[in-house]
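A closer look at the structure
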Amino acid sequence: MYKYSTSSNQSSFRSHYPINNDQIAAYAPSILASEAHHSRGERYAFIPTINVIDGLRANGFEPFEVRQTRVRNLDKREHTKHMVRLRHPDAIGNNAEVPEIILLNSHDGTSSYQLLAGFFRMVCSNGLIAGNVQNDVRIRHSGNIVDDVIEGSFTVLDNIKELGQRI
C-alpha cells in the first residue's frame, strides 16, 4: 500500500514497504541534496541526509515514510526541511506500536539535524505521532559534525534496542 498526500505546507509519501531512492526523489527531493542551499555561509556544515539513511539501512532500518515542507521559493525545494521515518522491515505493518527512528534535517538553515528513536503509534492518517522518545540527538550544522552524526546514529540505535528490551 502506498499513500501520497499533500497539504498546504508539506508533501508526503508513506508505504507499508521500504521506500527506495527513486521514490524519495519523486516525493521529497531535499533528502537527496548533494550540497547546502547557496544561501548558507562557510560556517554551515552540510550533513547529507541520504548518507545517514544509507548508514541506518546498513543496520536494518528502512525508510517507509518521507515528508518535506512545501516552499514558496522554488529555489529552496531541493534543500527544504524534511522528515524520514525508518523502521526495521519486520516491524512494518505488523504492530500498533513499533520501534522507529525519525530523522529531521534541512539543507537551507531552517532545521538542525535531529534523530529520534522510540516506540511510536500512529494516531491518525495525517501523520500525527504519539509515543515515547528516548534520548533524541540534535546536531547543529556547524563545526566538525561528521563524528557527531556517526556517534549520534549509534546512540539512537543503542537506545532503540534498550527500549525494546524494556517493553
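Our subject is the structure that appears above.
Residues numbered from 1 in each chain as written. Predicted model: local features only at pLDDT ≥ 70, side-chain atom pairs only at ≥ 80, totals over all residues. Heavy atoms only, no water.

Section: the overall build of the protein
What the protein contains, in helices and strands, is 3 helices and 8 strands. Reading the secondary structure of the protein in the N-to-C direction produces β-β-α-α-β-β-β-β-β-β-α. With 167 residues in all, the protein has 44% of them scored as buried. Looking at the protein alone, contacts between residues at least 24 apart form 59% of all its contacts between residues at least 6 apart. (Helix = DSSP H or I, 4+ residues; strand = E, 2+ residues; numbered from the N terminus. Buried < 20%, exposed > 50% of the residue type's maximum accessible area, 1.4 Å probe, protein only. Contact = heavy atoms within 4.5 Å.)

Considerations on the pattern of salt bridges
Enumeration over the complete set of coordinates arrives at 7 salt bridges. Across the pair E65 and R14 runs a salt bridge, and its minimum N-O distance is 3.8 Å. Of this pair, E65 sits in strand β3 (residues 62–69) while R14 is found in strand β2 (residues 10–15), placing the two residues 51 residues apart along the sequence. Note on E65: relative accessible area 0%, which makes it buried. A residue is classified by how much of its surface remains accessible, and R14, at 15% relative accessible area, is buried. With a shortest N-O distance of 2.8 Å, R85 and E100 are connected by a salt bridge. In this pair, R85 sits in strand β4 (residues 82–87) while E100 sits in strand β5 (residues 97–105), placing the two residues 15 residues apart along the sequence. (Salt bridge = Lys/Arg side-chain N within 4 Å of Asp/Glu carboxyl O.)

A closer look at the packing of aromatic side chains
Following the criterion strictly, the structure yields 1 aromatic pair and no others. A cation sits over an aromatic face here: R40 above Y44, 5.9 Å from the ring centre. (Phe/Tyr/Trp six-rings, centres within 6.5 Å; stacked < 30°, edge-to-face > 60°. Lys NZ or Arg CZ within 6 Å of the ring centre and 35° of its normal.)

Overview of the side chain of T49
When you line up the elements, T49 lands in helix α2 (residues 49–58). For T49, a relative accessible area of 0% translates into the label buried. Of the polar contacts made by the side chain of T49, one reaches the side chain of H107; its length is 3.3 Å. With near-sequence residues (within four places) excluded, T49 lies in contact with I31, H82, L103, N105 and H107. (Polar contact = N/O pair within 3.5 Å; in protein donor to acceptor, adjacent residues only side chain to side chain.)

What about the pairing of β3?
For β3, the tally of buried residues reaches 7 of 8 residues, placing the bulk of the element in the interior. Where β3 and β4 come together, 6 bridges link them in antiparallel fashion. The residue of β4 that forms the bridge with V66 is V84. (Pairing = 2+ DSSP bridges.)

Here's the deal with α2
Every buried residue of α2 is listed here: T49, I50, V52, I53, L56 and R57. On an axial view of α2, the arc spanned by its buried residues comes to 155°, and they lie on one face. One or two positions beyond α2, positive phi appears at G60, with a value near 90°. (Arc of directions from axis to C-beta.)

A look at the nonpolar core
Counting 24 residues, the largest nonpolar core has L56, L86, I101, L103 and L115 as the members making the most contacts within it. Where this core is concerned, the elements lending two or more residues are α2, β4, β5, β6 (113–122), β8 (137–139) and α3 (146–166). By residue number, the principal contributor to this core is α2, which donates 4 residues. (Core = buried A, V, L, I, M, F, W, Y, C linked by side-chain atoms within 4.5 Å.)

A look at the environment of T69
Positionally, T69 belongs in strand β3. Judged by relative accessible area, T69 falls into the partly exposed class, the value being 29%. A distance of 2.6 Å separates a polar atom in the side chain of T69 from a polar atom in the side chain of T80.

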